[in-house]
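Tertiary structure, described
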Amino acid sequence: MLNVIKCLILVQAFICGQQNVFTSAFQVELSPSVVDDMIPTDVELSCKFDSSDFNMQDIIIMELLKTDGSPIVILRKTSDAPIIKRNKSKYPFADGLISKNVTESFLSVTLKNPKKEDAGSYTCVIYDFNEVLGGLQEVRKSTTLEVNDMDVSKVLTHLLEKDALLESELEKCKNDSRAEDNRLEHLITAYQENESKMKEQISVLEKKLAKKEKIISDIMKVIPHLGQELKVVKDEGTSLKQQDVKLQALVIQLEKKFIGHVEHLLSEIAQQEEMLTQYIKKQNYTEAFTVGYSKREFLKAGDVMIFNDVIVDDGPGYDPVTGIFTARRPGFYLFNFFVSVEKKVYIDIEIQANNVAVSKILVGDSSSSSESSASCVTRLEAGDQVKVVVVSAIDLPLDPVGHHRSTEWSGFLLKAL
């Protein structure tokens, strides 16, 4: 009988010890835990594990509760994937995971701009099915959110800091825009200088061609004269057979030499004319487009931005149905992209050539509209495709992209190969 009592005492101590370890192994955090009533601040409420040094077999439910015990968000384990239930209008941002690896399991929710009535205790409850501990176990842990009354000085300081930050961001955007304008002007100047050098090279080639044509003309004038002189020699030396044989050999030798030289010069002239023709065609070939985005619609990750307003399409290379630009000639292309979004919209965009990113833009602000731009030079072969792809975007009931052509994409052939 004494042994049985000892066993029961040991089992009870073991169960209590396991629950204490389990309780200390996860944390409930509020970040930040103290906020001001009149200063907009998002608070992250999370429940996560920082250790796997305890006996836990199978988490069934993870739940975050308010002060009055009403649930904020519930994460349930299912056969397919965990399901999160919440009031989406009040708690739009929630995330969670139940994993066999306990340290990977978590549950979190964002409290948007908490007010005085949101202050108080918040509790995380975990239900674990554990055969060793006697079936379904419940463990909970709490933390407290403090919401201070309005402090006019703090609100004023916050607004001044926000205004200074906005001024700094605006000045940065202006500087970036000026730098981009200077860079584009530099590229155009370099292109114009290169074009001037090409014209000089064409002029040199034309002079060489004229010189070779004059040489051929002189040769053609000499050949008839030589023929006449040979005829005179033949007439004067008809009686001298040996001299006639020598003269005939000389004529044949001269004819072969001059004919070979003329054929060689004609071949070089034809090659130079073909090279000059191809070179002129390359320099006179243009390919450029500018398109605008004047629609108001939602965008999500993986979407190709289809610019519906075609301003210029000299090629044509841009397809307004698919939003894809197709290069018609190999060469170096310059692409420019300018994007403007409304406040509380965040969007990550890439310019992709053959599905490979060549430039990237990340733009967005929680309090005001914002804008950004990017340029890139890339080499394309004939048939290569370029498009603008959304990498990520926050799905809010706002216009993700500006309208009235505040978002534009342009490109042109900088140098043909």
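For the structure itself, look to the data block above.
Residues numbered from 1 in each chain as written. Predicted model: local features only at pLDDT ≥ 70, side-chain atom pairs only at ≥ 80, totals over all residues. Heavy atoms only, no water.

**What about the environment of Pro32?**
With respect to the secondary-structure elements, Pro32 resides in the loop between strand E1 (26-31) and strand E2 (34-36). Among the residues examined, Pro32 registers a relative accessible area of 33% and is labelled partly exposed. Once you skip the residues sitting within four places of it in the chain, Pro32 turns out to touch Thr41, Asp42, Val43 and Leu145. (Helix = DSSP H or I, 4+ residues; strand = E, 2+ residues; numbered from the N terminus. Buried < 20%, exposed > 50% of the residue type's maximum accessible area, 1.4 Å probe, protein only. Contact = heavy atoms within 4.5 Å.)

**With respect to the side chain of Asp384**
Along the chain, Asp384 turns up in the loop between strand E18 (370-380) and strand E19 (385-393). Of the side chains bearing the opposite charge, Arg379 lies closest to the buried Asp384, which forms no salt bridge; the N-O distance is 8.0 Å. In contact with Asp384, not counting residues within four places along its chain, are Phe325, Thr326, Ala327 and Asn354. (Lys, Arg positive; Asp, Glu negative; His and termini not counted. Salt bridge = Lys/Arg side-chain N within 4 Å of Asp/Glu carboxyl O.)

**Quick notes on unusual backbone geometry**
For the bond from Ser31 to Pro32, the omega torsion is 0°, close enough to zero to count as cis. The omega torsion across Gly315 and Pro316 is -20°, close enough to zero to call that bond cis. As for its position among the elements, Pro316 is in the loop between strand E12 (309-314) and strand E13 (318-319).

**A few points about the pairing of strand E5 (residues 71-76)**
In the sheet, strand E4 (residues 59-65) pairs with E5 via 5 bridges, with the strands oriented antiparallel. Across the sheet, residue Ile61 finds its bridge partner in E5, namely Arg76. Between E4 and E5, which pair antiparallel in sequence order, lie 5 residues; one of them, Gly69, sits at a positive phi of approximately 90°. Judged from the 4 bridges that link them, E5 and strand E6 (residues 83-86) form a sheet pairing that is antiparallel. The partner of Leu75 across the bridge, within E6, is Ile84. (Pairing = 2+ DSSP bridges.)

**Describing the pattern of salt bridges**
This model, assessed by the stated rule, comprises 11 salt bridges. For the salt bridge of Glu138 with Arg140, the shortest nitrogen-to-oxygen distance reads 2.7 Å. The partner of Arg183 in a salt bridge is Glu180, and the shortest N-O contact between them spans 3.6 Å. Taken together, the residues Arg183 and Glu180, both in helix H2 (residues 152-236) and 3 residues apart, mark about one turn of the helix.

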